[in-house]
There are 2 protein chains.
Amino acid sequence: MKNLITQKCIPCEKGAPALTDAELAELKPQIPGWEIIEANGIKKLRKAFKFKNFEQALVFTNKVGELSEAQFHHPTIILDWGRVEVIWVTHKIRGLHLNDVAMAVQTDSLAV
Amino acid sequence: MKNLITQKCIPCEKGAPALTDAELAELKPQIPGWEIIEANGIKKLRKAFKFKNFEQALVFTNKVGELSEAQFHHPTIILDWGRVEVIWVTHKIRGLHLNDVAMAVQTDSLAV
């Protein structure tokens with residue numbers, strides 16, 4: 001099993017294959033709490049993180065921002081008072097790549 | 001006309017009246033580009049701000065965060081690569097208060 005906590009984002013070209021359902025099912029145990037959502041035929045990974053207040057939610061947002069800048073891969077982050085929702089997808093392939101699962105694992109590590 | 005750029009958020013109790021449509025129409029010219037959206041009968045103010053990259057979008061997110069902490073009133077912020085969407089609403093009154101319009105004006109001043 002790949003160690004996704006240290007996995008660097010692989011540059012991903014248009015046309016690269018998205019993860020299959022079977023591959024996603026195999027990887028899913030590594031990202032507890034992450035939901036696979038689908039909109040307009042595009043699968044994404046989504047998870048909501050709870051915090052005591054706005055400030056802590058903003059600190060987490062910045063940590064995720066720093067990670068995404070380091071990996072050249074950026075999520076959608078929805079910041080509310082005491083809550084941050086993070087959504088990973090690879091727009092170039094209109095779906096989920098191993099990169100997204102790795103980023104989900106690394107996002108979890110920032111919330112501890 | 002009230003100077004909303006310097007207006008402090010007024011503590012707002014449950015049961016305080018929301019802005020009427022007439023009041024909103026009168027205030028609207030002060031918040032160009034802000035859209036009044038409605039979901040589940042709750043009116044909100046929404047605007048999307050564009051940036052050159054993720055870093056600048058994150059800087060703006062932090063500025064809005066700082067403003068909202070100072071005013072004890074917090075928006076929903078949707079952060080994407082090069083784009084920040086800000087949504088103001090007063091949850092206690094399930095609608096829009098003058099505070100939200102003031103915060104919209106002040107959000108605009110941070111994007112300059």
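Keep in mind that what you see is a predicted model, and the values were worked out from it rather than measured.

Scoring rules and cut-offs
Residues numbered from 1 in each chain as written. Chains lettered and ligands numbered in written order. Predicted model: local features only at pLDDT ≥ 70, side-chain atom pairs only at ≥ 80, totals over all residues. Heavy atoms only, no water. Least-squares fit on C-alpha atoms with pLDDT ≥ 70 in both. Contact = heavy atoms within 4.5 Å. Buried < 20%, exposed > 50% of the residue type's maximum accessible area, 1.4 Å probe, protein only. Helix = DSSP H or I, 4+ residues; strand = E, 2+ residues; numbered from the N terminus. pLDDT = per-residue confidence, 0-100. Buried area = accessible area lost by both parts, 1.4 Å probe. Salt bridge = Lys/Arg side-chain N within 4 Å of Asp/Glu carboxyl O. Polar contact = N/O pair within 3.5 Å; in protein donor to acceptor, adjacent residues only side chain to side chain. Pairing = 2+ DSSP bridges. Axes fitted to C-alpha atoms, helices over the stretch in contact; angles between N-to-C directions.

1. Looking at the relation of the copies chain A and chain B
Related by rotation about an axis and a shift along that axis, the two copies of the chain form a pair.
Point 1. It takes a turn of 180 degrees to lay chain A on chain B, together with a shift of 0.0 Å along the axis; the resulting RMSD is 0.0 Å. In the structure described here, the two chain copies are related by an operation that fits a two-fold rotation axis. In terms of C-alpha distance to the rotation axis, chain A has I78 of chain A as its closest residue, with the C-alpha 2.2 Å off the axis.
Point 2. An overlap of 100% is found between the interface residues of chain A and their copies at the interface of chain B, pointing to a shared contact surface.

2. Quick notes on unusual backbone geometry
All names here are of chain B.
Point 1. Residues other than glycine seldom take positive phi values, yet N40 does so here, at roughly 55 degrees.
Point 2. Overall, the relative accessible area of 74% leaves N40 in the exposed class.
Point 3. Its identity as a non-glycine residue notwithstanding, F72 has a phi of 55 degrees, on the positive side.
Point 4. Tracing the backbone shows F72 in the loop between α2 (54-71) and β3 (76-80).

3. Observations regarding the confidence of the model for chain A
Point 1. The predicted model of chain A averages 94 in pLDDT, with 99% of residues at 70 or higher.
Point 2. The complex model carries a pTM of 0.94, and its ipTM stands at 0.94.

4. Quick notes on the interface of chain A and chain B
Point 1. On the side of chain B, 16 residues touch chain A, which itself brings 16 residues to the contact.
Point 2. Counting each side, the surface lost to burial between chain A and chain B is near 1300 Å², with a carbon and sulfur contribution of 60%.
Point 3. Three residues, F54, H74 and L79 of chain A, lead the burial of chain A against chain B; their summed loss comes to 31% of the area buried on that side.
Point 4. Summed over the shared surface of chain A and chain B, the result is 0 salt bridges.
Point 5. Where chain A packs against chain B, one counts 5 residue pairs in polar contact (both at pLDDT 80 or more).

5. A word on the sheet that holds β3 of chain B
Point 1. On the basis of which strands lie adjacent, the open sheet formed by 8 strands has the order β1(A)-β2(A)-β4(A)-β3(A)-β3(B)-β4(B)-β2(B)-β1(B) and antiparallel pairing. Across the chains shown, the open sheet's two edge strands, defined by having one partner strand only, are β1 (35-39) of chain A together with β1 (35-39) of chain B. Averaged over all pairs of adjacent strands, the angle between strand axes in this sheet comes to 25 degrees, irrespective of strand direction.
Point 2. By the bridge criterion, 5 bridges tie β1 of chain A to strand β2 (residues 42-50) of chain A in an arrangement that is antiparallel.

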